[in-house]
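Here is what each chain is made of, one letter per residue.
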Amino acid sequence: MTPGLEVLQGLNPPQREAVETIQGPLLIIAGPGSGKTRVITHRIAYLVRVCGVSPYRIAAVTFTNKAAREMRDRLQRLVGGSSNSLTVGTFHAFCALMLRRDGAPIGLDPHYSIYDSDDQLALIKRSMELADLDPKRHHPRSVQSVISKAKSVLMDSGALAQQRENYFEEVCARVYHHYEELLSRNNAVDFDDLLMKAVQLLQESQDVRERYQQRYQYLMVDEFQDTNVAQYRLARLLTGEDRNICVVGDPDQSIYSWRNADIRNILSFQQDYPQAKTITLEQNYRSTGTILEAAKSLITANGMRLHKDLFTENEPGVPITVHEAYDEQEEAEFVISQISQLVRENGHKPGDCAIMYRVNAQSRALEEACLHQGMQYRLVGGIRFYHRREVKDLMAYLHLLHNPQDEVNLTRVVNVPPRGIGAKSMQELVRWSQRENISLYTAMGRIAQARQQGEQCPAPLPSRAASSIANFCDIVQRLVQQSTQLPVVELIDQVLEDSGLRHHIQSGDDQPEERWENILELRETAREFNAEQPPDGLATLLERLSLVADVDSYEDSENSITLITLHQAKGLEFPVVFIVGMEEGLLPHSRSMDSETELEEERRLCYVGFTRAERRLYLLRAFRRGFMGSSGPTMASRFLREVPEHLIAAASRKVPAPAVRIPAVSTSYGASGASGWPSNKTPPAPPAAPRISLQTGDLVRHSTFGEGVVMECTPSSDDHEVTVQFSEVVGVKKLLLSFAPLEKLEG
DNA sequence: TCCTCATAACTTTTT
DNA sequence: GTTATGAGGA
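Rules behind the numbers
- Each residue is numbered by its place in its chain's sequence as written, counting from 1.
- Labels follow written order: the first chain is A, the first ligand is 1, and so on.
- In keeping with the predicted nature of the model, local features appear solely for residues at pLDDT of at least 70, side-chain atom pairs appear and are counted solely at 80 or more, and the whole-chain, interface and lining totals rest on all residues.
- Computation of side-chain values covers all heavy atoms of the structure but excludes hydrogens and water.
- Two strands form a pair only when DSSP identifies at least two bridges running between them.
- Segments assigned H or I by DSSP are reported as helices when at least four residues long, segments assigned E as strands when at least two residues long, and all are numbered from the N terminus.
- Angular values range over 0 to 180 degrees, each being the angle between N-to-C directions of two axes fitted as lines to C-alpha atoms, with helices fitted over their stretch in contact.
- In this scheme, patches are assembled from residues that exceed 30% relative accessible area and form no salt bridge. Like charges are connected within 9 Å, while nonpolar side chains (Val, Leu, Ile, Met, Phe, Trp, Tyr) are connected within 5 Å.
- Only the protein chains shown count as covering a residue, and every accessible area follows the Shrake-Rupley method with a 1.4 Å probe.
- When a carboxyl oxygen of Asp or Glu lies within 4 Å of a side-chain nitrogen of Lys or Arg, that pair is called a salt bridge.
- None of His or the chain ends enter the tally, which takes Lys and Arg as positive and Asp and Glu as negative.
- A single reference atom marks each charge: NZ on Lys, CZ on Arg, CG on Asp, CD on Glu.
- Here a Phe, Tyr or Trp ring, Trp counted by its six-membered ring, pairs with any other such ring whose centre lies within 6.5 Å, and the pair is stacked when the planes are under 30 degrees apart, edge-to-face when over 60, and tilted otherwise.
- Note on classification: 1.4 Å probe, protein chains only; a residue is buried when its accessible area is under 20% of the maximum for its type, exposed when over 50%, partly exposed between these limits.
- Note on geometry: a ring has a charge over it if NZ (lysine) or CZ (arginine) is within 6 Å of the ring centre and within 35 degrees of the ring normal.
- The contact criterion used is simple: two residues touch if any of their non-hydrogen atoms lie within 4.5 Å.

In sheet architecture, strand pairing relies on hydrogen bonds along the backbone and comes in two forms, parallel and antiparallel. Pairing is parallel in the open sheet, where six strands are placed in the order β11-β16-β15-β12-β14-β13. The open sheet has two edge strands, β11 (321-325) and β13 (377-379), and neither has a second partner. Neighbour to neighbour, the strand axes of the sheet diverge by 20 degrees on average, direction disregarded. As paired strands, β11 and strand β16 (residues 613-622) are joined by five bridges and run parallel to one another. Among the inter-strand pairings, histidine 323 is bridged to a residue of β16, identified as leucine 620.

Attention now moves to a negative patch on the surface. A contiguous patch of negative charge, built from Glu513, Glu514, Glu517 and Glu521, is present on the exposed surface. Of note, glutamate 517 is situated in helix α23 (residues 512-528).

The subject of this paragraph is the packing of aromatic side chains. For the coordinates displayed, the defined rule picks out eight aromatic pairs. Seen from their ring centres, phenylalanine 224 and tyrosine 232 are 5.6 Å apart, and the 75 degrees between their planes marks the pair as edge-to-face. Each of the two residues, phenylalanine 224 as well as tyrosine 232, counts as buried. Seen in terms of ring centroids, phenylalanine 578 and tyrosine 618 are 4.3 Å apart; in terms of plane orientation they differ by 20 degrees. Their pairing is stacked. Taken together, the positions of phenylalanine 578 in strand β15 (residues 574-579) and tyrosine 618 in strand β16 put the pair 40 residues apart, joining distant regions of the chain. Each member of the pair phenylalanine 578 and tyrosine 618 is classed as buried. The structure contains a cluster of three or more aromatic residues connected by ring pairs, namely Phe224, Tyr232, Phe269 and Tyr273. One cation-aromatic arrangement involves arginine 236 over tyrosine 273; the distance from NZ or CZ to the ring centre is 5.2 Å.

Another point: the pattern of salt bridges. Counted according to the given criterion, the structure contains 37 salt bridges. Residue aspartate 222 pairs with lysine 36 through a salt bridge whose shortest N-O separation is 3.3 Å. Of the two residues, aspartate 222 sits in the loop between β6 (218-221) and α11 (229-238) while lysine 36 sits in helix α2 (residues 36-49), which places them 186 residues apart along the sequence. Residues aspartate 222 and lysine 36 agree in their burial class; the two are buried.

Bringing the sheet that holds strand β8 (residues 277-281) into the picture now. Spatially, six strands are ordered β3-β2-β6-β7-β1-β8 in an open sheet, and the strand pairing comes out parallel. Lying at the two open borders of the sheet, with one neighbouring strand each, are β3 (87-90) and β8. Pairwise comparison of adjacent strand axes, ignoring direction, gives a mean angle of 15 degrees for this sheet. Two elements, strand β1 (residues 26-30) and strand β7 (residues 245-249), share four bridges in a ladder whose sense is parallel. Within β7, the residue paired with leucine 26 across the bridge is cysteine 246. Sitting on the sheet, helix α1 (residues 13-20) touches β1 and β8, and the angle it makes with β8 is about 145 degrees.

Below, the structure is given as structure tokens:
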């Protein structure tokens, strides 16, 4: 056999065709569990080992760091050491590096800071002040989203001003203009800029463009359905004459349109490259027949879709379990006890099991249940590590040292820990620096210098404030000097000491141990790639840390179950999957329910959840769910109804219509068993009052109207309106559940 | 200037 | 149930 040809072994015909198609544009539509990553990595291995292409000339861009890392690991195994010279990374990381190395033609200083969305928001608020806008009238967040959206389609403020469609966009364009100026004055770029400026660079500098095009002869784009216009444009710009671009995606798993991902890129691709070959991967290797069929039924409810015919040769497996709990506590307790049972009786490990939910807030009840039942768990995401205050503070110091023009980060740390430079002093200082037309950092430098030379403070500041500022400035200047010489870990230690941050955190009364742990974790991360020493160590560290999400620190552990949002679960797989909160308003989310396209995205999200499961799938809902403090009744998710009845375990019950359970006046049926409640016996302690649950079709008895059938049960403010068909004489009555003397009949 | 307390406002998903 | 903001007092 020709050396290297074993990379073709074990591939099915379409997979093999995808691997062997190396010339020209290629679109791979890859259903869930169809071996997508396998195809990408084997295709790269094929290029390197069979076709003799230098790894240096191959780039693979992904959407998340996690995907990039996984790809890198697999390639390492397939092509060995030379995989190091492959370019594998996220769009953002790729752009950040390109801009740092080659950003000069578009006037970018390589020491630029990268602002995350929080920094972005802070700067937008400042821009709104400059534009004389009342933040109460226009929500900074909405402005942020308009600006970000504009950037994602490569519109600058001028373009937005021209193409505005309403008054609000006009306002945003004004803010955007100030925002652009502030960014450039701070020598900073936001996430969107990384893409937009990279495109700008490639468009405007022929030299840079040609260099990159020559270098990258083969480009692969993973999760293509999640790319936005800027990312697609970037991919096209990187693809030179050879047009060896291969994009892989699944429109049915597009769940990031809110982040301006544009499924239409797939259509554009076919238009832009009419000669492109399309290969569809339809065989699923992951899930049981039952799970796949449920997922297929669900997704066919969506309108516009690219046709796909998924199939599997796997066993049908066990039916899907649908469980209806009373509230989220019971839901959580059920899930955890179910997992314990699977571990005891079915030979599963806790690590096989994942619980997925729509919003992070849902993890709380699950965590409590884990604690309660002594189950180890790993929470993915949540309050993100890099968003924690102490972590952001330390990061802000590091950013400041690397880029002293960065006023967002300067402002953030100037009084952390408190050193007597309050809002008032800063306001004065800003005003003075503007009059003098110098940056904040320079202004501070002047004050410090005057002080050293025993001169009077040049700025109109109280002497106390002036000396605090001079002090702070001395510290920062000293650290800036050290930043180019010390390895990053030592620099971090120095910062922690000199700034007083360590003392501040450790002596604070807000969970000092935990916060210090977080600092140490950051320090540990820095130590891990300490191999990259100064002078570039700090830049690399900042770049990486600015672009990582927490999924990256995700590690398998066979003793812990996984708690994860549906979004983050994309790309993962688990033998056992629980999806909780299958309720209208949660999944689909209430903010997506009034638009058909958004609703379809919710359905795709649900589909992503279903297709993560290999062997067992559990769908859960609660009749009542806590909602910002108070709790209220819920309606079953329409997605539950889209799962064919015959795939669901007989023991579990499926709700065809809204059902509620609230305290009732009638007590005649006593214990909870009588209400037809699922058999698990864990009603949480407090609810002493008997409860009644009604759903369409239930038989009830009313003290005056007699027996009837429930037609409908809808929640109204604090109560429930029940429509009941009584005898022909009585007719249909609408009743309020809390007042009506209703009693549920079994049968 | 800084800290405490109260109030409001808000929660989708993330590079 | 949370976190961001504001007023008022030390």
